[in-house]
Amino acid sequence: SLMYNKTITHLDFSHNIIGGAKEILHKTAPHIVRDNRGKKAVMPMGGESVAMALQVNKTLVHLNLSWNQLGYQSAILLGEMLTTNKALRHLDLGYNSLTDSGVSAIFVALEENAETGALEYLDVTSNGVGPASCCVLSTILRHNSLIKTIILKENPVSEQGARAIVRSMKYKVKGRRVVMQV
């Protein structure tokens, strides 16, 4: 299990559609399983199970979850994971359906990750990142000096969002780059 893995450091789950129908199904009818005592338990699915496993994983440093139809619920749990995971340095979430508010939750987690984590690279290409999330990110970048690269391509950041990001760049962090298309 990914949760107890002690050897894998790089994992590419891209193009596997681990979200999609499973994430929609989970919202309406969670997968019910029985635990070892016969009691019913809710089993997380898709991106949610990956996020939960990574909360305690200590070896994975590079994770690619791009092109998996992950949605808002996965984004929330991935954000929670970032507040506790101390190993992950590279996270690619491009081309999912995380939504502006889901990505905003991930950005907020970066503030806590600055104190407890190690994340240096985050790709949220084509996830509906709008100006509100860019303003949140702008504030976070002032306090998080660990994050070196954020990819925001193919998002509706708008001029307002782009200006907020540019303003945050005045807080110079060696090697930091933000890539976006406006």
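Computed from a predicted structure; not experimentally measured. (Residues numbered from 1 in each chain as written. Predicted model: local features only at pLDDT ≥ 70, side-chain atom pairs only at ≥ 80, totals over all residues. Heavy atoms only, no water.)

Asks: Would you take a moment to explain the pattern of salt bridges for this structure?
Replies: Pairing of side chains with opposite charge becomes possible as their charged atoms draw close. Under the counting rule described, the total for this entry stands at two salt bridges. With a closest N to O distance of 3.5 Å, Arg89 and Glu120 form a salt bridge. With a gap of 31 residues between them, Arg89 in the loop between helix H3 (72-84) and strand E5 (90-92) and Glu120 in the loop between helix H4 (100-116) and strand E6 (121-123) connect regions that are remote in the sequence. The residue Arg163 makes a salt bridge to Glu159 at a minimum N-O spacing of 2.4 Å. Placement of both Arg163 and Glu159 in helix H6 (residues 158-168) is noted, with a separation of four residues, approximately one turn of the helix. For the pair Arg163 and Glu159, a shared accessibility class is recorded, and that class is exposed. (Salt bridge = Lys/Arg side-chain N within 4 Å of Asp/Glu carboxyl O. Helix = DSSP H or I, 4+ residues; strand = E, 2+ residues; numbered from the N terminus. Buried < 20%, exposed > 50% of the residue type's maximum accessible area, 1.4 Å probe, protein only.)

Asks: I tried to follow the packing of aromatic side chains on my own but got confused; where do I start?
Replies: Centre distance and the angle of the planes are the two values used to describe a pair of aromatic rings. Using the criterion set out here, one finds one aromatic pair in the structure. Residues Trp67 and Tyr95 carry aromatic rings whose centres are separated by 4.2 Å and whose planes lie at 15 degrees to one another, so their mutual orientation is stacked. Highlighted residues: Trp67 in the loop between strand E4 (62-64) and H3 and Tyr95 in the loop between E5 and H4, separated in sequence by 28 residues. (Phe/Tyr/Trp six-rings, centres within 6.5 Å; stacked < 30°, edge-to-face > 60°.)

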